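Observations on chain architecture
What follows is each chain in one-letter form.
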Amino acid sequence: MKTRRHFLRSSTALITLPALESMGFRAFAAPKTAAPPNRMVFLGFGWGVTNETWFPDVKKTGAAWELSEGLKPLARHQKDITVVQGCSNKFANEAHWGSTFWLTGANRYAEPGQSFHNSISADQVAAAHLGKDTRYASIQLNTPDAQNSGHGPGLSLAWDLRGKPVAGVENPVAAFHRLFSNETTPLSERQAMLAQKRSVLDAVLEDAKRLQNGLTKTDIDKLDEYFQSIRDIEVRLGKDEQWLSVPKAKSPVAEPKPGLAGKEEIKVMYDLIVAALQTDSTRVLTYRQPVGTLLQSLDIKVAPHDMSHYSPGDRMAASQKRDATQSELLAGLIDKLKAMKEADGTSLFDHVALAYGSNIRTIHYLDNCPTVLTGGGAKLKLGQHLVLPKDTPLCNVWLTMLHGLGVPAERHGDSSGVVKELQA
Amino acid sequence: MRRLLVFLFSSVVLAADPAMPEKHRALFKEHCVSCHGPEKQKGKFRVDDLPLAITNVEIAEKWQKVLNAMNSGDMPPEDEKQPPSIAKADFLDDLANVMVAARRSLGDQKGVITMRRLNRREYKNTLRELLGVEINVAELPQDGGSGAFDTVGSNLFMSANQIEQYQALGREALEEAFAWQTAASVTKKLHYEGETTTPKVRDFVKYQIDARERAQKWVKAVDDAAAKPENKEIVAKLRAEFPNVSRFRREWARIPGAPNPRTFGFDKKGENDADLANDSLGAGWLKYHEYYTQMPDVDRGAYLGIQTRHPAELNVNYIELLVPFDWPVGDYIVRVRAAAVKDAPAERRFLDFGIHARTGKVLNTYEITGTMENPQTIEIPLTLTRANLSRDNRSLFFREKGSWDTNEEGNRKRAEAVKRNGIGPELVLWVDWIEVERVSNAAKPVPPGFAALKLPLDDKSPAPAAAELHAAFERFATEAFRGTPPPADYVERLMRLYDVRRKAGDKPVAALKETLSVVLASPMFLYLAEPSPDDKRRFLTHEELATRLSYFLWSAPPDVELRKSDLSKPDVLITQTNRLLDDPRSEGFLTAFVHQWLGLDRIDFFEVNRALYPRFDTGTKVAAKGEIHETIAHILKHSASLRDLLKADYVIINRVLAHYYGIHGVKGEGYEKVSLPKGSPRGGLLGMAAIHFMGGNGERTSPVERGAWVLRKLLHDPPPPAPANVPAITRLAGKVLTTQERLLAHQEDPQCASCHRKIDPIGFGLENFDAAGQWRTEDSYTALDANGKPDPKSTKRWPIQPAATFFKGPSFTDFFALRDIIASKSNAFARSFSEALIEFALGRPIGFRDEPLIDGIINQAGKKDLAMREFIHALVSSKEFHTK
C-alpha cells in the first residue's frame, strides 16, 4: 500500500492523495445527524423546449405568474417551483450541445492548442462537500440514447475537477444494482476481493509507471487520466472498505425490467433517484435524460433533431408533447419527493435542491436556457417566475444553489455572483 | 537514425493567421463605431480597435461576440440604421468562416500527436487479433461525439469505470476464447424440413372449423336464453350496457339459462372463456390457412406468408430455428434450399435472413432465382459467440423480404391484398429445407495470445509450475503489448495475483483467466505509446511505425510479418501497405473511416415512412447502406479513381438494389460491378439511395441537409456549423408552398442568406431524388387542417425544377448538369478526402501546417488519376506519418 501511494504522490503533481478519513480509517459511516442532510439533483435534456408554449409570460413575474402550456402538468406544484428566465452560458456556441457545458459554463476554446476544454460541473462541486458520509459521493445516471438526444460530448452531465467527463450508469437496471444489490459473498471473501482489486491496481500501476518513462509532456498529461482513474478506484475501494460491513440499503423499489426506454425509462430513473436519496445512498445525482427514445415511446415518428427545428404542424406538436410529457414526469418526481418523510417529520422535498433544464432553449438558441428549480434544500424562493436581465450567467444560478446548500464555493464557471432574487 | 526513406514533401510552415478582409471595416465604421468606438463603449465593447487578424483567444472571443450579436439580430439594434442585406450577408459569411479557421488555428496541436488509448473499435479488434474472438463492447462509452474522428487522441478519455469495464470485458474475451479453443473441433448439424409446418396448418384449419361450429352453437344457446321472456329485464339492461354483441355475450353468466362456454369446449384457462368462443366464431384467417394447405408442394416444403395468428399459435410468416443451447460458440454455416413460384412478381422474390424475427434484425437479403422444379441452395456463414446465449439472439429466421418488418407495415400489406383477392397476399416463396451446421475450427491457426501462453486450457492437466507460469505471463504480456516485453516487477505482480486467486480457491484455469484479464486492462495494452524522452520530434521506431500503420489500415495490431518488415525502405513500405489493404482486416479501416468521413450515422437516426415509401423496407435499407461501403471498397481494391465517387458509369450493387434501381445485370449473390445504361442518374455517391435518404427525414427531402452535405463532403467548402441563436423563419409555417418557394425565404434575411445562398441551390438540383432515393419528376405538399390531419383539398403538386445557380458560380439546368459541375471539382474532393484521411490516420485534427502535406498527397495521387490507393501510399510515406 505504501509504495503505491508513494508512487502516486510522486508520479504527478496533479494526483493528490485522498484524505485519510475517506480512505477508510473509520470502520463505520458517520453517525446519523439529527437534521436531514442536504441533497442536490440535476435533470438535463437535449434539444431544448418549444419556445412559444413552454416559457411563462414574461409580463407576469414574481409570485403572480401563470403556468405556460408546456408547464401545465406541474400545476399542483406551482407554489413549489421557480422558473428562471434570462440565463445562459456565454461561451456556449455549439447549437446541438444541450448538456456538455450546461453545469460547467466552460469555454470550449479556453486552452490554446486544444480544440476542446471543459471544467468541473456544479454537481461535482457539491459532491465534494455533500458526499463524504454516504456510500456514493455522487451518482450519474445516463441513457443509452444519449447520442440521439442532443446532449453533445460527455459521458453524463458531470465533469470532474479537471474537466474530464464522468461516466454515467447507462440504464435503470444497472443503476438499481449499483445502488442496492448486495454481494452475497461472506465478509471475509469480500475483504479478500478488495485485497485482490488492490493487487490488480498494483500490477497495472507497475505497467503505467514503466510506460510513463520517456513520454512527452502532453502524453504524460494524457496518461494522467489513467493515474487519476486508478486513484478514483482507490478512493472508491477505500470507501468500499469503510462500508464493507455495512450492507447496502434495502431497496424501497423493485428491480426494474430490462430494456426500458423513453418515458418508462425516465419514470423508473426518477423512482431510483428518490430511492437513492431516501436510503441516503448518495446525496448528489445527475440524470442525462433520453429525448429520442422518449419520442418513440410517445409514438412520435419525428426524429429528435428534426423536431427541435419545428414549425407549426406535426413537428411542433411533437415538440409540445415532449414538453408536456417531461413536465408530467417531473411533477410525478416532485410528488414522490414530497411524500417521502424524513425522521424529523419534514419531507425529502424540503432537503433537495433540484434543477431541471437544458443548455439549448429551442432550435439553435442557446440563450435563455430553460430552467426550473424546485425543492427546499437550497433555501430558494419558490413559487416564483423570475425574469433576470438578459444573459445573466447560468452559473450564477448554480452558485446560488451551492451556497444555499452550504457549499462554500467562491465562484463557479463564469459566474459573476449569486442571484439575490432567488434567495429566500 | 539513418533514414533510407526520402520524404516526399517539405514541411515549410507559413500559416497566416486567419483574418477578416479589410473591406469589412466599412460596415463597422458605418454601423458600429458610434456606440462601440472611441467616444462611447456601450456594453464595454469597442470594435474600432479590434484587430482584423485573429491571433489569440481574447480576440477570437471578441469576434465571436460580434458574430453572435449580428446572427441573433441584436446588433445593430432594431431602431438603428441597418446595413444593406448583401453587405451584411457577406460580412457574416466571411466572419463565420474566419471564426472556423481561427478556432482551428488556435486549437492547432502544431502537428503533435497526443498519445491515445485504443478506441472502442480498436479495442475490440485488438482482442480479436490476440485471442481469436469477437466480443460485444457496446457497454464501453462511445468515442468521439465532438465531431472529430474516433481516433483523435485528445478526445479519448479514460475513467475509473472504464478501467473496470476493460478488465471485465477482457475476462469475457478470455472466457469466450477458452470456450473456442476447447471446442475447436466440435461439429454439429441439424436439418429442418419445410413441410414440418404443413400438418400444423392443416390441424389448425380443422380446429378453426370445429371451433367455429361449436361457437355458433354456443351463440345460439346464449341467444335462446336471452330471448326467454323471464330474462327480458336483465337482457335489456345488458344490451344497454354492452351494445357490442361479443361484449354482451361475455356477460353470459348473468343471463339465467345461458350455457357456460366451457361446456362447448372453450377453456381460456382462468380468463373469460367467452373471449375464446367469440374469437373462434370469426375463425380469423381461416381462408388464408385453407389456401395455404391447398398450395402445391406443401408436402415437400413450407411457404413463407404473412402473420395471421399470434406466432405462438400458428406461424406461416417465417421459419425460426433455435440453435440448440448446448452447441458451442464458433463458426457456423446456415444453408437454405428455396424457390419462388412461377408467377411470383419480381419484387417478391427476396428472402430475408436474420436473428430473432420478432425484433426483426435482418442480417442479409437474398434474391430467390430457384424454381419449384429446381430450387437453389444458399449458404450463409455465421459466427455465434457467448453473446448469442439467449433465445432472442440465438433464433435464426427466414422471412420474405419486407413482409412483416413491423406490425404496422405487415398489416398494411395484408389489408391491401385482402381488398384485392379476399384472402391475403399470394404465397410465392417456398423453403424445402434448412440446415444449421457448426463447423470445426481446428484447422484455423492458433491465435497469437494462445500461441504465446502455451499452458493447459482445462483443469484436467496438472497445474502449471511457477517457472512455467512466469514465462507464460511474460510471453502473453509481450504479445498483448504488441511486442514490448513487460517490466519484471509487473510479471511478479501477476504471479502474486495468480497466487491470491489460487489461495482463494480458484482452479488453475480460473486463476489464469483472472490474471490475464489484468493484462488486458493495463496501460501498455490500452495505449498506443510512442515515448520521446526529450520532448523532441523524432522518427518512429520500426515497431512503432508498424503499429501506426496497422491501426490506420486495420484498426488492429500489426501481425508478425509487419512487425518484422523494415518499413523505412520505401519499397517495403509500399508492399506492406498494399498487403494490409488487400487483407480482409482492412474492413476495420474502411467501415469506420467511411462511416465517419461521410457522416453516415444519420442513416440510422430515423425510420422511413413506409406508407409513403413501401419499397424502402428493412432489407433494402440494409442493402443501400452496403452500397456505399462496397463501392468504396471496390475503388480501393481496384486502385480506381476517387473521381468515381463523384460520377461513374457503373454501380456496385447487389440483387436487392438492382431491383430497387431497376438495373439489370447482377449475376452473383453479393455486390458486384454493373455497367449503367446511358442517362442513368446512378453511379457515384450522388446516385445512391442511402445518401439521398440521409438528406431527408424519411418523409420529405431536405435540400438544406443535402446541399450542406455536398459542400462539406464533396466540395471542400463546409458551411460553418449551425450557428447559435439565428432567428427562425416562422411566417411561412403551414402555408402551401413548393419546397423552392419555402426555401427562398432564406435569402431575405442576411443572417440566413450568408450560409443558405451557398447551400440551397445544390439541394434544389438534387430534388429529383425522393426521400427514399428514388427518381421522381413531381413533388407535392399537403397542409394539415385544424386537427393536425392532412387536408387533401390543400394538396399542391408541382414538377421538380432542378435548375439553379451556384452562389457566385455556374448555373445548371438539371441533376446531370449539377453532377458534371461537381465532378469537375475533383481536386476539392481530393482535398476533403485527404484531410479526413490525415486526421483519421494521425489521430489529431488538421492544422494549418498540414497544407504542404495535403498538397503533396494530392500531387502524388494526381499523377495516378487520383487513385484512392495512391492517397494512402502518399500519406504513409510522408514525414508526418513517420514522426512522433
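Rules behind the numbers
Residues numbered from 1 in each chain as written. Chains lettered and ligands numbered in written order. Predicted model: local features only at pLDDT ≥ 70, side-chain atom pairs only at ≥ 80, totals over all residues. Helix = DSSP H or I, 4+ residues; strand = E, 2+ residues; numbered from the N terminus. Buried ≥ 20, exposed ≤ 12 C-beta atoms within 10 Å, placed from the backbone. Rg over C-alpha atoms; globule rule 2.2 N^0.38 Å. Contact = placed C-beta atoms within 7 Å. Nonpolar A, V, L, I, M, F, W, Y, C, P; charged D, E, K, R; others polar. Expected span 1.5 Å × (residues − 1). Pairing = 2+ DSSP bridges. Axes fitted to C-alpha atoms, helices over the stretch in contact; angles between N-to-C directions. Core = buried A, V, L, I, M, F, W, Y, C linked by C-beta atoms within 7 Å. Domains from an automatic or database assignment. pLDDT = per-residue confidence, 0-100. Parallel < 35°, antiparallel > 145°, perpendicular 65-115°, else oblique. Left-handed = near helix turned anticlockwise from the far one by under 90°.

**Focus: the overall build of chain B**
Looking only at helices and strands, chain B features 31 helices and 17 strands. A principal-axis box enclosing the C-alpha atoms of chain B has dimensions of 105 × 85 × 55 Å. Every one of the 884 residues in chain B was classed for burial, and the buried ones make up 42%.

**As for the overall build of chain A**
Regarding its fold elements, chain A presents 11 helices and 7 strands. At 22 Å, chain A has a C-alpha radius of gyration in line with the 22 Å of a compact globule built from 424 residues. Taken over the C-alpha atoms alone, chain A extends approximately 65 × 55 × 45 Å along its principal axes. The buried share among the 424 residues of chain A stands at 54%. Within chain A, contacts between residues at least 6 apart in sequence are counted, and of these 73% link residues at least 24 apart.

**Re the interface of chain B and chain A**
Tallying the contact residues gives 62 residues for chain B and 58 residues for chain A. For the side of chain B that touches chain A, the secondary structure elements donating two or more residues are α2 (57-71), α3 (85-106), α5 (160-182), α14 (488-503) and α16 (523-526) of chain B. The leading source of residues in the side of chain B that touches chain A is α14 of chain B, at 7 residues. Its residues placed into classes, the side of chain B that touches chain A shows 35 nonpolar, 20 polar and 7 charged.

**Structural notes on helix α28 (residues 826-842) of chain B**
End to end, α28 of chain B covers 24 Å across 17 residues, agreeing with the expected 24 Å (1.5 Å per residue, within 8%). Backbone geometry just after α28 of chain B places glycine 843 of chain B at a positive phi near 65 degrees.

**A look at the sheet that holds strand β2 (residues 81-88) of chain A**
Residues and elements named next belong to chain A. The strand order β3-β4-β1-β5-β6-β2-β7 describes an open sheet built from 7 strands, whose pairing is mixed. Edge positions in the open sheet fall to β3 (139-141) and β7 (385-393), since each of these has one partner strand only. The average undirected angle you get between the axes of adjacent strands in this sheet is 15 degrees. Two strands pair when backbone bridges link them, and strand β5 (residues 352-357) and strand β6 (residues 371-374) are joined in this way by 4 bridges, in the antiparallel orientation. The residue of β6 that forms the bridge with glycine 357 is threonine 371.

**Points about unusual backbone geometry**
Residues and elements named next belong to chain B. The omega torsion across methionine 75 and proline 76 is -10 degrees, close enough to zero to call that bond cis. One non-glycine residue, leucine 866, lies in the positive phi region at around 55 degrees. Positionally, leucine 866 belongs in the loop between α29 (851-862) and α30 (868-876). Residue leucine 866 is classed as buried on the basis of its 21 C-beta neighbours within 10 Å.

**As for the sheet that holds strand β6 (residues 350-355) of chain B**
All names here are of chain B. Judged by pairing direction, the sheet is antiparallel, and its 4 strands sit side by side in the order β4-β9-β6-β7 without closing on themselves. The sheet terminates laterally at β4 (318-322) and β7 (361-367), the two strands that pair on one side only. Taken pair by pair, the neighbouring strands of this sheet meet at an average axis angle of 20 degrees, ignoring direction. Bridging between β6 and β7 involves 6 bridges; their strand directions are antiparallel. The residue of β7 that forms the bridge with phenylalanine 350 is glutamate 367. Running over the sheet, helix α21 (residues 618-637) touches β6 and β7 and is turned about 85 degrees from β7.

**Here's the deal with the environment of alanine 611 of chain B**
Residue and element names in this part refer to chain B. Relative to the assigned elements, alanine 611 resides in the loop between α20 (587-597) and α21. Overall, alanine 611 belongs to the exposed group, with 10 C-beta atoms counted inside 10 Å. For alanine 611 and arginine 712, which are 101 residues apart along the polypeptide, the C-alpha to C-alpha distance reads 32 Å.

**Remarks on the nonpolar core**
By size, the foremost hydrophobic cluster in this structure holds 187 residues, and its most contacted members are Phe398 and Leu875 of chain B. Per-element tally for this core: the top contributor is α28 of chain B, with 8 residues. Ignoring anything within four residues of it in the chain, the contact list for phenylalanine 398 of chain B reads Leu304, Tyr318, Ile319, Val336, Leu351, Phe353, Val431 and Ile434 of chain B. The next biggest cluster of nonpolar side chains, apart from the first, holds 100 residues, and it includes Leu71, Trp102, Leu155 and Leu380 of chain A.

**A look at the domain arrangement of chain B**
Residue and element names in this part refer to chain B. The domains assigned to chain B are domain 1 (22-106), domain 2 (114-184 + 444-529), domain 3 (197-282), domain 4 (286-438), domain 5 (594-824) and domain 6 (827-882). Taken over C-alpha atoms, the centre of domain 2 sits 41 Å from the centre of domain 4. Its residues assigned to classes, the side of domain 2 that touches domain 4 shows 5 nonpolar, 1 polar and 3 charged.

**A look at the confidence of the model for chain A**
Confidence along chain A averages 87 in pLDDT terms, with 92% of residues attaining 70 or more. Counting interchain partners and residues more than four positions distant, the pLDDT-below-50 stretch residues 1-32 of chain A has 38 contacts.

**Notes on the packing of helix α13 (residues 466-480) of chain B against α14 of chain B**
Residue and element names in this part refer to chain B. Close contact between α13 and α14 brings their axes to 10 Å; oriented N to C, the two are set at 120 degrees. On the basis of the axis angle, α13 is oblique to α14. Considering how the two elements wind past one another, α13 and α14 form a crossing that is right-handed. Where α13 abuts α14, its residues Leu469, His470, Phe473, Glu474 and Ala477 lie against Val491, Leu494, Met495 and Tyr498. Here the residues of the contact of α13 with α14 sort into 7 nonpolar, 1 polar and 1 charged.

**Structural notes on the domain arrangement of chain A**
The assigned domain composition of chain A is domain 1 (40-182 + 261-422) and domain 2 (183-246). For domain 1 of chain A and domain 2 of chain A, the distance between their C-alpha centres works out to 32 Å.

**A word on the environment of alanine 276 of chain A**
By the element assignment, alanine 276 of chain A lies in helix α7 (residues 263-278). Distance in space between the C-alpha atoms of alanine 276 of chain A and alanine 249 of chain A is 8.9 Å, their sequence separation being 27 residues.

**Digging into the pairing of strand β4 (residues 284-288) of chain A**
Side-chain direction in a regular strand flips from residue to residue, so the side chains alternate between the two faces of the sheet. All names here are of chain A. Of all 5 residues in β4, 5 are buried, a share of seventy percent or more. By the alternation rule, side chains of β4 split into Val284, Thr286 and Arg288 and Leu285 and Tyr287, which are all buried. Pairing of strand β1 (residues 39-44) with β4 involves 5 bridges; the strand directions are parallel. Bridging across to β4, valine 41 finds its partner in leucine 285. Pairing of β3 with β4, which is carried by 3 bridges, proceeds in the parallel orientation. Looking across to β4, one finds that leucine 141 is bridged to tyrosine 287.

**Observations regarding the packing of helix α6 (residues 197-227) of chain B against helix α10 (residues 286-293) of chain B**
Residue and element names in this part refer to chain B. Where α6 contacts α10, the axes come no closer than 9 Å and their chain directions differ by 140 degrees. Regarding the angle of α6 to α10, the classification is oblique. Handedness of the α6/α10 crossing: left-handed. Residues Thr198, Val201, Arg202, Phe204, Val205 and Gln208 of α6 pack against Leu286, His289, Glu290, Tyr292 and Thr293 of α10. Its residues assigned to classes, the contact of α6 with α10 shows 5 nonpolar, 4 polar and 2 charged.

**Topic: the confidence of the model for chain B**
Residues and elements named next belong to chain B. Averaged over every residue, the pLDDT of chain B is 90; residues scoring 70 or more account for 96%. By mean pLDDT, the top-scoring element of chain B is strand β12 (residues 650-653) (98), and the lowest-scoring one is helix α25 (residues 739-744) (83). Both confidence scores are given for the complex: pTM 0.81, ipTM 0.74.

**Considering the environment of glycine 153 of chain B**
You can see glycine 153 of chain B is positioned in the loop between α4 (120-131) and α5. Along the backbone, glycine 153 of chain B and asparagine 119 of chain B are 34 residues apart, and their C-alpha atoms lie at a distance of 8.9 Å. Leave out the neighbours within four places in its chain, and glycine 153 of chain B touches Lys222 of chain A together with Ile113, Thr114, Met115, Arg116, Gly843 and Arg844 of chain B.

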